[in-house]
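# Coordinates in review
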Amino acid sequence: MRESFILALVLTLGGVGQGVAEETAQAIGDPEAGADVWILCSGCHQIGPDAEIGIGPPLSGIFGRRMASVEGFPYSRSMMRMGRDGLIWSLETLDAYIENPRVLVSGTRMGFEGLEDPTERADLLAFLREFSDKPSNIPEAAPTALAALPTLSDETLAIVGDAAYGEYLASECTTCHQRDGSDRGIPSITLWPEENFVLAMHAYKQKLRPHPVMQMMASRLSDEEIAALAAYFATLGR
Amino acid sequence: MTLNRRSFLGTGLALGAALSAPRAIGQAKPRVVIVGGGAGGATAARYIAKDSQGAIDVILIEPTRTYYTCFFSNLYIGGFRELNSIAHNYGGLASEYGVNVVHDWVIGVDRDAKTVSTAAGHSLAYDRLIVAPGIDFVDGAVPGWSTAAQNKMPHSWKAGSQTQLLKAQIEAMPEGGTFCMVAPPNPYRCPPGPYERISMVAHVLKERNPTAKILVADPKPKFSKMALFQEGWERHYTGMVEWLGPDFGGGNVSVDPDAMTVDIDGSVEKVDVCNVIPAQKAGHIAQVAGLTDASGFCPIVPATMQSRMDENIHVLGDATIAGDMPKSGFSANSQAKVAAMAVRAALTGSRAFPAKFSNTCWSLIDTDDGVKVGASYQATEEKIAKVDGFISQTGEDAALRKATYEESLGWYAGITADMFG
């Protein structure tokens with residue numbers, strides 16, 4: 001992921017790349033490894049063409065399904081409320097639920113502690129995804145991979161950052177990222193070219209780059225604020 | 001030797017191309033032969049000719065002189081388009097872009113000699129071959145139906161005379177008669193297409209023959225835009241459409257074209273019009289050329305659309321196994337641009353950028369009631385993977401639906417210009 005992102009950045013910035021560039025979407029996870037993780041679930045849940053209600057609802061076709069929508073399954077009131085609110089099982093909601101069920105659905109009946117390891121969750125999700133609709137047959141079916149690059153409109157890229165506003169916003173960044181550009185465990189972002197900065201921050205915001213703290217920081221920033229930060233860090237110390 | 005920018009940029013790949021893909025002997029320019037002039041083939045021909053500016057010799061082999069787009073052919077059935085508005089010819093590709101358009105059938109591919117042979121007896125050498133033959137039907141897919149019976153029970157899944165025939169049959173239905181569709185199993189050309197067709201047939205019958213019935217026998221439990229179509233049928237054509245999924249025998253169907261009967265899970269229905277859309281496979285020439293696998297379709301390398309069977313051949317559109325991409329004109333057009341870029345890079349050393357694919361399928365449910373589904377895709381090593389998408393929602397207001405329909409008109413004008421110039 002990281003390598004392909006960096007390569008993509010180089011290309012975006014007009015590097016003299018020749019031939020067919022390698023830019024690939026990122027797989028959700030390894031479905032074969034996920035089949036091993038599935039053992040944690042299979043005591044209660046069934047999956048596959050003949051899956052039925054067991055202790056838990058069947059998980060065939062879970063992607064794109066409204067929560068609490070398997071007829072005949074006695075869901076918790078919490079889960080029913082989620083369903084009525086229109087929440088849909090997706091990569092994001094499933095990942096959050098599997099990580100810690102009670103964080104997403106407080107009163108869930110699912111007796112599962114949660115799965116802390118993000119790789120195991122990703123592999124499990126990749127396994128589960130194989131039992132839901134295929135986008136080739138049903139184009140609106142859930143994605144089967146994660147995009148390699150943030151998709152930014154020309155308008156977003158063209159925003160001219162307000163460096164003064166960026167300086168103000170940057171106080172949050174410089175708690176960790178050193179203004180002088182020193183690189184001790186936390187990478188330097190000082191004097192980064194603006195476009196690289198904007199692309200990287202949007203990649204975090206769109207959860208394409210994996211670092212959870214950066215995802216959280218970026219998720220709170222508007223397009224203008226990202227541009228402002230980029231403008232500030234690009235000129236810092238000059 | 002003076003270095004100019006072009007030769008500098010081009011050197012690395014041109015050398016690579018020279019080693020891996022020697023030009024056919026005796027040819028001045030590298031040559032691309034394209035089999036099939038639909039959304040994939042015509043787009044590829046235009047883009048390679050346009051962007052190589054004469055550096056590549058482009059030959060497009062297409063049997064028909066007038067091409068009727070499958071997309072929007074349902075709108076012709078519904079009375080929203082004239083037939084001539086979905087008809088296109090290849091004059092612009094020849095005159096404006098210098099494409100050598102050959103109206104002939106390719107009947108064989110010699111992959112070792114890198115030549116194709118045609119029904120008229122010609123042999124044409126290629127450096128790269130692009131195969132874009134669309135679909136053919138699987139023999140025996142619907143018991144009782146065959147190509148010989150396609151006038152009694154039209155498929156109308158390749159546009160033109162079949163579409164005209166089906167429209168005429170619908171308009172000639174007796175009062176209160178029955179229209180039956182035998183819907184195809186996955187995978188097939190245009191996932192929402194059968195259901196847009198049902199909508200268009202219902203639109204015609206509501207005007208001309210409001211007591212008529214529409215019966216759909218479907219082997220699939222679920223189809224694209226299902227909730228949108230079902231909502232629309234209920235709203236616009238209340239009580240007219242009966243859809244039988246596999247739970248009601250929709251997957252166990254045989255037909256008798258002479259008796260005009262359809263047997264759905266043992267229950268025999270007399271029908272007035274029967275639109276049989278059989279199971280599909282890659283266009284026959286793809287199989288002849290050895291490009292298909294056991295599925296009947298062609299595996300491809302996602303980043304370049306090269307055949308997994310032969311690196312000198314690219315396959316486009318409905319004939320491919322394009323990962324998460326549906327079989328649609330939009331998809332084929334999108335894939336053609338990726339392939340055109342890869343072909344030019346291989347033959348002339350031009351720059352190639354990362355493959356990006358997209359698709360949108362618009363469907364019309366009734367007058368000014370348009371819906372759409374779309375997605376963007378990226379190549380992984382194994383497949384073209386869906387990474388994002390959108391779909392119209394149930395309960396949208398009339399203004400949005402009208403805007404969606406109008407957007408589809410713009411798209412039609414755009415894609416046909418992108419194909420034919």
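- The name given to chain B in an unreviewed UniProt entry is NADPH-dependent 2,4-dienoyl-CoA reductase/sulfur reductase-like enzyme, and the organism recorded there is Rhodovulum adriaticum.

- Per an unreviewed UniProt entry, chain A is named Sulfide dehydrogenase (Flavocytochrome c) cytochrome c subunit, and its organism is Rhodovulum adriaticum.

### Points about the overall build of chain B
- Regarding its fold elements, chain B presents 10 helices and 25 strands.
- Considering chain B as a whole, with its 421 residues, one finds that 59% of them fall into the buried category.
- Looking at chain B as shown, the accessible area adds up to about 16,500 Å², and 52% of this sits on carbon and sulfur atoms.
- Here chain B contributes 37 positively and 42 negatively charged side chains, and the mean placements of these two sets differ by 8 Å.

### Re a negative patch on the surface
All names here are of chain A.
- On the surface, Asp-30, Glu-32, Asp-36 and Glu-130 cluster together into a patch of negative charge.
- Secondary-structure assignment places Glu-130 in the loop between helix H6 (118–129) and strand S2 (145–146).
- In this structure Glu-130 comes out as exposed when scored by relative accessible area, which is 55%.

### Quick look at the domain arrangement of chain B
All names here are of chain B.
- Domain annotation for chain B reports domain 1 (5–136 + 280–352) and domain 2 (147–276).
- Between the C-alpha centres of domain 1 and domain 2 there is a distance of 33 Å.
- Contact with domain 1, which involves 20 residues of that partner, is made by 22 residues of domain 2.
- Where domain 1 abuts domain 2, roughly 1,900 Å² becomes buried across the two surfaces, and 64% of that area is made up of carbon and sulfur atoms.
- Of all residues in domain 1, Asn-74, Ile-77 and Gln-280 give up the largest surface area on contact with domain 2, accounting jointly for 34% of the area buried on that side.
- Taken together, domain 1 and domain 2 are joined by 2 salt bridges.
- Between Asp-318 and Arg-189 there is a salt bridge whose closest N-O contact spans 2.5 Å.
- Along the contact surface separating domain 1 from domain 2 lie 10 residue pairs in polar contact (both at pLDDT 80 or more).

### Observations regarding the sheet that holds strand S13 (residues 241–244) of chain B
Residue and element names in this part refer to chain B.
- Read across the open sheet, the 4 strands follow the order S13-S12-S11-S17; overall the sheet is parallel. For this open sheet the edge positions go to S13 and strand S17 (273–276), each flanked by a neighbour on one side alone. Between one strand axis and the next, the sheet turns through 15° on average, direction left out of account.

### Side note on the packing of helix H6 (residues 193–208) of chain B against helix H7 (residues 226–236) of chain B
All names here are of chain B.
- In the contact formed by H6 and H7, the axes pass within 11 Å of each other and the chain directions differ by 5°. In terms of orientation, H6 lies roughly parallel with respect to H7. For the pair formed by H6 and H7, the contact residues are Tyr-195, Glu-196, Ile-198, Ser-199 and Lys-206 on the first element and Phe-229, Trp-233 and His-236 on the second.

### Re the UniProt feature "domain: Cytochrome c" (unreviewed entry) in chain A
- Within this numbering scheme, the UniProt entry marks residues 29–132 and 161–237 of chain A as carrying the feature "domain: Cytochrome c" (unreviewed entry).
- In residues 29–132 of chain A, the share of helix is 38% and the share of strand is 0%. The end C-alpha atoms are 15 Å apart.

### Focus on the UniProt feature "domain: FAD/NAD(P)-binding" (unreviewed entry) in chain B
- When the UniProt feature table is mapped onto this chain, "domain: FAD/NAD(P)-binding" (unreviewed entry) is found at residues 31–145 of chain B.
- Segment residues 31–145 of chain B splits into 23% helix and 33% strand. End C-alpha atoms: 41 Å apart.

### Some remarks on the domain arrangement of chain A
- In terms of domains, chain A is made up of domain 1 (31–146) and domain 2 (149–235).
- One C-alpha centre belongs to domain 1 of chain A, the other to domain 2 of chain A, and the line joining them spans 34 Å.

### What about the sheet that holds strand S16 (residues 267–270) of chain B?
Residue and element names in this part refer to chain B.
- Here 3 strands make up an open sheet; going across it, the order is S14-S15-S16 and the pairing antiparallel. A strand with exactly one partner marks an edge of an open sheet, and here the two such strands are strand S14 (253–256) and S16. In this sheet, neighbouring strand axes are inclined to one another by 20° on average, regardless of whether the strands run parallel or antiparallel.
- With 4 bridges connecting them, S14 and strand S15 (residues 261–264) associate as antiparallel partners. Pairing of Val-255 across the sheet is with Val-262, part of S15.

Reading guide: rules and limits
One numbering rule holds for all chains: residues counted from 1, following each sequence as written. Each chain is given a letter, starting from A, and each ligand a number, starting from 1, according to the order in which they appear as written. pLDDT decides what is reported in this predicted model: residues at 70 or higher carry local features, side-chain atom pairs at 80 or more are listed and counted, and totals for whole chains, interfaces and linings draw on all residues regardless. Remark: hydrogens and water are excluded; side-chain values derive from all non-hydrogen atoms of the structure. A run of H or I in DSSP counts as a helix once it spans at least four residues, and a run of E counts as a strand once it spans at least two, with each numbered from the N terminus. Working definition: with a 1.4 Å probe on protein chains only, accessible area under 20% of the residue-type maximum means buried, over 50% means exposed, and in between means partly exposed. Per-residue and other accessible areas follow the Shrake-Rupley method at a 1.4 Å probe size, with only the shown protein chains counted as cover for residues. Positive charges come from Lys and Arg alone, negative charges from Asp and Glu alone, with His and the N- and C-terminal ends not counted. To locate a charge, take atom NZ for lysine, CZ for arginine, CG for aspartate or CD for glutamate. For patch detection, residues must exceed 30% relative accessible area and be free of salt bridges, and they are connected within 9 Å for like charges or within 5 Å for nonpolar side chains (Val, Leu, Ile, Met, Phe, Trp, Tyr). The working definition used for a salt bridge is a side-chain nitrogen of Lys or Arg within 4 Å of a carboxyl oxygen of Asp or Glu. Segmentation into domains, and thus their bounds, comes from an automatic or database assignment. The criterion used for residue contact is that any of the two residues' heavy atoms lie within 4.5 Å. Once two parts are brought into contact, the accessible area they lose, counted with a 1.4 Å probe and summed over both, makes up the buried area. Contacts described as polar in this section are N or O atom pairs within 3.5 Å, which, within protein, must combine one atom able to donate a hydrogen with one able to accept it, while residues neighboring in sequence count only if both atoms come from side chains. When DSSP locates at least two bridges between a pair of strands, those strands are taken to pair. For helices, the fitted line uses only the C-alpha atoms of the stretch in contact; every axis is such a line through C-alpha atoms, and the angle between N-to-C directions lies from 0 to 180 degrees. Roughly parallel refers to an angle under 35 degrees, roughly antiparallel to one over 145, roughly perpendicular to one between 65 and 115, and oblique to any angle outside these ranges. UniProt positions are given in the numbering used here, feature names are shortened, and annotations may be inferred rather than shown by experiment.

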